[in-house]
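So you can see what is in the structure, the chains are spelled out below.
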Amino acid sequence: SLADIRCNDFSWNKTEVHCYKGKASIRSSFWQSPKTDFSFHLGPKKNTIHFENAQLMGSRLSVNAEISDDNWLLKFTVNHISHSFVEKLFQVMKVKPPALLIKHGFLKLNGVILGKQAKLGQFVLNAQVEDLTGQTDDGKIATEKLSLLSHWEGKKAKENWLWQSDTKMTSGALYADPVYVEALQPIDLKAQGIWNAHLKKVEIQSFTYQDFAIASVSGMAVGYLDKVIKLERADVNMQSNSLQDLLTTYINPFLSDSPLTGLTATGDLQARFSFVQQALINVSVNFSKLNVSNYSGRLAIKDGVGSLNWSDDPLQSKQSELAWEQLSIKGLPLESSRVKLSSQGNHVMLAEKIKLPFYEGLITVDTFSWQSKKQDEPDVSFTGSMKMVSLEQLSKALGWTPLLGNISGQIPSVHYHDKILSMDGELLINVFDGAIKVNKLSSSGLLTNFPIVSADVASENLDLDHLTRKFEFGNITGRLSGYVNKLVLENWYPVTFFAWLGSPDDDDSSHRISQKAVNNIASIGGGGATDLLSRTFLGFFETFGYDKMGVGCYLQNGVCQMMGLAAKEQGYYLIKGGGLPRIDVLGYNTQVNWDVLVE
């Protein structure tokens, strides 16, 4: 290094030297400056040095330094900090600098540093960023017209540093992957704590983050700063009355594939989270005036209110309660209800039976249990029932042909364990004035892209008039019983079953079938009934009498092996006539492609 110091106005005696006015220039690997205003005082008790607007790698530096005995004090101001200055500063500190490209704006830094001999003892720093636009070369940090003020204080206490800070973002935008924050209103971050450089341990005794337009977050944290950040423990409190902005700005960027993506929400939220060793151990969430909608129609909540409480301690019981004016899941509405839950560790249970009004009827959930497991899917079980649910309203909501009647039935114990859904006992559904029974229900891979489902299904005395009145298939009166045994669905597509549907032996109800239904049943068996109806006097009749009807199918390899009531010559009976006018319908196709049969 080379220094050129010239003093134009000075005085001296045996013990002291004063330079009141002078010029100095320094050339070194770190600092190359032209001549700069300079003054100093050297004495036995106190030494001072003053620089004014020294040029330093594109920045301008002013310094007041004072040394008294073993103590020293440094006051400095750096205006228009350049990128090259920041790089050099990081090199001196032996820290890898961020590759920051500044396109516009400036940084300003001033402060006071105090120490004793070669040790730093106290500091006060103030930083100002004005209209800054730039980004790092990896694009993970970027700013656009960013303005902020930051104040830092620190004091050495034995092995620790006691510090506090206050940073206020006043305008512009900041992107810190993956969060994008825009200061529509001032954003303020305050914190204080302890830093141990030897242990690389930071204690944030308290912090407050206030995005006045969205939310406020406060709490404390303890962790270690090494190559990676390790959180030892933390308590975080959050409050927001702008849930939509909270989701959009701070939550969804971390959960790109989350069910929360696509939600719109309003309401008030207060929450508390506790962490130990980077693991969540306690949660308490209270919300009110909650209104939620999902762009795909999967979820909607109107006027929700409640509290969610959870702890990972299996010996500690936590109670939660949820209520809503209306809840809609995939377009199916559940009217005003209240649900109480109890949790112990990773086990969540229904605290009391719930009754949910649903399409003029009632869904009752008697028991519900959720047991989460590490690195595996949870165990789930429940029991319940349905009573007098309007089938007409439900079928309309599901996009089906509107069906008449009501649904009632019992839901036995259903379990989801080791990725397999199974049911203990019999699922009974009372519908169409008859009953449908499901046994041996099980499923694997239910939450994957290729679920496999198996079951035995039986129907007893279904009212065909109720079942067919709304279908374009054609109207039929009478009763229908049958079964679909050894049913296997792969990705909800049937691959095998043995099925029979037909008139029960003890059915003494009126048996009538419309001409349209005759045509459709005849098309299944490939018979000539359609031509017969159109070419003869039978075409004048709207309905016909029948004694029995029946059709069976054994599905294998995409082909149905067909069967009917009885064999006749080369075909088989699908309908045996009875009464006047009567008609027999025969089937001739013994094998039918399943997709063709469905069509």
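Definitions and limits used
- Residues numbered from 1 in each chain as written.
- Predicted model: local features only at pLDDT ≥ 70, side-chain atom pairs only at ≥ 80, totals over all residues.
- Heavy atoms only, no water.
- Salt bridge = Lys/Arg side-chain N within 4 Å of Asp/Glu carboxyl O.
- Helix = DSSP H or I, 4+ residues; strand = E, 2+ residues; numbered from the N terminus.
- Buried < 20%, exposed > 50% of the residue type's maximum accessible area, 1.4 Å probe, protein only.
- Contact = heavy atoms within 4.5 Å.
- Pairing = 2+ DSSP bridges.
- Core = buried A, V, L, I, M, F, W, Y, C linked by side-chain atoms within 4.5 Å.
- Phe/Tyr/Trp six-rings, centres within 6.5 Å; stacked < 30°, edge-to-face > 60°.
- Lys NZ or Arg CZ within 6 Å of the ring centre and 35° of its normal.

(A) A look at the pattern of salt bridges. As enumerated under the stated definition, the model contains 17 salt bridges in all. Aspartate 37 is the salt-bridge partner of lysine 23, the closest N and O atoms lying 2.7 Å from each other. Linking lysine 23 in strand β2 (residues 17-27) with aspartate 37 in strand β3 (residues 36-42), this pair joins segments that are 14 residues apart in sequence. Its relative accessible area of 36% is what places lysine 23 among the partly exposed residues. Counted as one network, the salt bridges with shared partners bring together Lys373, Asp379 and Asp418.

(B) Expanded view of the environment of valine 431. The residue valine 431 is located in strand β27 (residues 427-431) in this model. For the pair valine 431 and leucine 243, spaced 188 residues apart in the sequence, the C-alpha separation amounts to 43 Å. Among residues more than four places away in sequence, those in contact with valine 431 are Leu391, Asn406, Ile407, Ile436 and Leu462.

(C) Expanded view of the pairing of strand β10 (residues 160-176). Relative to β10, strand β9 (residues 141-157) runs antiparallel, the two sharing 15 bridges. Paired with isoleucine 141 across the strands is alanine 176, a residue of β10. Counted between consecutive antiparallel strands, the loop separating β9 from β10 contains 2 residues, among which lysine 158 sits at a positive phi close to 55°. Bridging between β10 and strand β12 (residues 187-196) involves 9 bridges; their strand directions are antiparallel. Across the sheet, residue serine 165 finds its bridge partner in β12, namely alanine 191. Bridge count for β10 against strand β11 (residues 179-182) is 4 bridges, and the pairing is antiparallel. Looking at the pairing, alanine 176 lines up with valine 179 of β11. Here β10 folds back onto β11, and the loop between the two strands holds 2 residues.

(D) The nonpolar core, seen in detail. If you look at the biggest cluster of nonpolar residues, it comprises 80 residues, and the most contacted ones within it are Leu246, Ile476 and Ile513. Contacts of isoleucine 513, omitting those with residues within four sequence positions, involve Asn475, Ile476, Val518, Ile521, Glu542, Thr543, Phe544, Tyr546, Met549 and Ile575.

(E) Fine view of unusual backbone geometry. Omega for the peptide link from aspartate 177 to proline 178 comes to 5°, which places this bond in the cis form. Counting through the fold element by element, proline 178 comes out in the loop between β10 and β11. Despite not being glycine, glutamate 360 shows a phi value in the positive range, around 65°. With respect to the helices and strands, the residue glutamate 360 is situated in the loop between β22 (354-358) and β23 (361-373). A relative accessible area of 66% means that glutamate 360 is categorised as exposed. At tryptophan 492, a position not held by glycine, the phi torsion is positive, near 65°. Looking at the element boundaries, tryptophan 492 is found in the loop between β30 (479-490) and β31 (493-502).

(F) Inspection of the packing of aromatic side chains at higher detail. On inspection of all chains with the given rule, the structure shows 9 aromatic pairs. Between the aromatic rings of phenylalanine 38 and phenylalanine 51, the centroid separation amounts to 5.2 Å while the plane-to-plane angle is 55°, which identifies the pairing as tilted. One end of the pair, phenylalanine 38, is in strand β3; the other, phenylalanine 51, is in strand β4 (residues 46-56), with 13 residues separating them in the sequence. Each member of the pair, phenylalanine 38 as well as phenylalanine 51, is classed as buried. Directly above the ring of tyrosine 573 sits lysine 576, whose terminal nitrogen or CZ lies 5.0 Å from the centroid.

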